Amino acid sequence: MPMAAEIIDGKLIAARVRAGLAVRVAELGTRGVRPGLAVVLVGDDPASHIYVRNKTRACAEVGFRTFDHRLPATVAEPELLALIERLNRDPEVDGILVQLPLPAPLDGRRVLLAIDPDKDVDGIHPDNLGRLLMGQPRFVACTPLGIMRLLDEAKTPLVGADAVVIGRSNMVGKPIAALLLLADATVTVCHSRTRDLPDRVGRADIVVAAVGQAEMVKGDWIKPGATVIDVGINRRADGTLTGDVEWAPAAARARAMTPVPGGVGPMTIAMLLGNTLMSAARRASSGPLLEG
Ligand code: NDP
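Residues numbered from 1 in each chain as written. Predicted model: local features only at pLDDT ≥ 70, side-chain atom pairs only at ≥ 80, totals over all residues. Heavy atoms only, no water.

A closer look at the sheet that holds strand E2 (residues 36-42)
One key point about sheets: their strands pair by backbone hydrogen bonds, in either a parallel or an antiparallel sense.
Right, on to step 1. Strands sit in the order E3-E2-E4 across an open sheet of three strands; the sheet is parallel. One side of each edge strand has no neighbouring strand; the edge strands of this open sheet are strand E3 (65-71) and strand E4 (95-98). This sheet shows a mean twist of 15° between the axes of neighbouring strands, independent of strand direction.
Right, on to step 2. Running over the sheet, helix H2 (residues 46-62) touches E2, E3 and E4 and is turned about 170° from E2.
Right, on to step 3. Running over the sheet, helix H3 (residues 77-89) touches E2, E3 and E4 and is turned about 175° from E2. (Pairing = 2+ DSSP bridges. Helix = DSSP H or I, 4+ residues; strand = E, 2+ residues; numbered from the N terminus. Axes fitted to C-alpha atoms, helices over the stretch in contact; angles between N-to-C directions. Contact = heavy atoms within 4.5 Å.)

Observations regarding the side chain of Asp-230
Right, on to step 1. Structurally, Asp-230 is set in strand E8 (residues 227-230).
Right, on to step 2. Separated by 3.2 Å, the side chain of Asp-230 and the backbone nitrogen of Gly-232 make a polar contact.
Right, on to step 3. Those residues within four positions of Asp-230 in sequence are excluded, and the remaining contacts are Ala-209, Gly-243, Asp-244, Val-245, Thr-258, Val-260 and Val-264. (Polar contact = N/O pair within 3.5 Å; in protein donor to acceptor, adjacent residues only side chain to side chain.)

Quick word on the environment of Leu-83
Right, on to step 1. Along the chain, Leu-83 falls in helix H3.
Right, on to step 2. Here the alpha-carbon distance between Leu-83 and Val-40, two residues 43 residues apart in the chain, equals 9.0 Å.

Take a look at the structure:
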């Protein structure tokens, strides 16, 4: 089948975003402010360790400071909450990232609520999600922010467009639906109980698939000319990665589509850096001009 879709190159776009951020970090430096991100990692989950390593490396590359806090899976919840409280008060810390999922029996919700919403650069505190729903976003979750940037780069018309979001998680599905709505798209949110998913997808100008099931969205569901954003990261038996959308047949029908890997993934970290910079810029404008 001939490939029709423009491939939306998230790796390239993310590199451009990071280069722009590095310039702004240098500007902030002249005012004595260096963005700082605190990363809290609890336990030994190998995937979480890889995510944290990638995030701290990306921070270093654009000139941020990182404050690494690694705690054993056995840490008592009050101790973790006390650490977050200290980070909330630390003027050098512009953003706090608690790598999820937290090992049981820690209560992820309680830990999340402890983060100062003004430092919640992951955009997952209920205060930030609520602001987004009210149309007054402060920090927006990084993956949905990255998706909006990719749609913009692919020159996707949003106003009045029919958008279908598959998945309703707090980290991806709900915030991307809210952002698309804010951009005046007509949004349908689908989930595991949705009837007639192929029909709904088939009517969409924009499809955002955030399910976590390899190639569950079939290529022949895609409306010719649609823009397809594949958020899913699924590992095949041979160790390679694949998305939630059947790549070749969907790309043959779509106008533009993100690959997996190299689409949404790289944007997520770039947006985390962007949110942290935004927080630091606010510190620069309200705090003293020079430290020390
Ligand atoms: P969740 O597991 O939290 O949510 C999955 C959603 O998919 C749920 O809302 C679920 O519905 C829905 N779903 C499950 N089965 C079906 C089905 N058969 N038909 C329609 N909907 C279905 O996942 P996340 O949102 O956290 O992540 C989704 C995917 O995106 C994962 O592969 C994850 O790895 C990836 N991801 C990638 C990121 C990146 O940077 N590239 C960042 C974050 C996530 P219900 O609510 O009814 O259960």
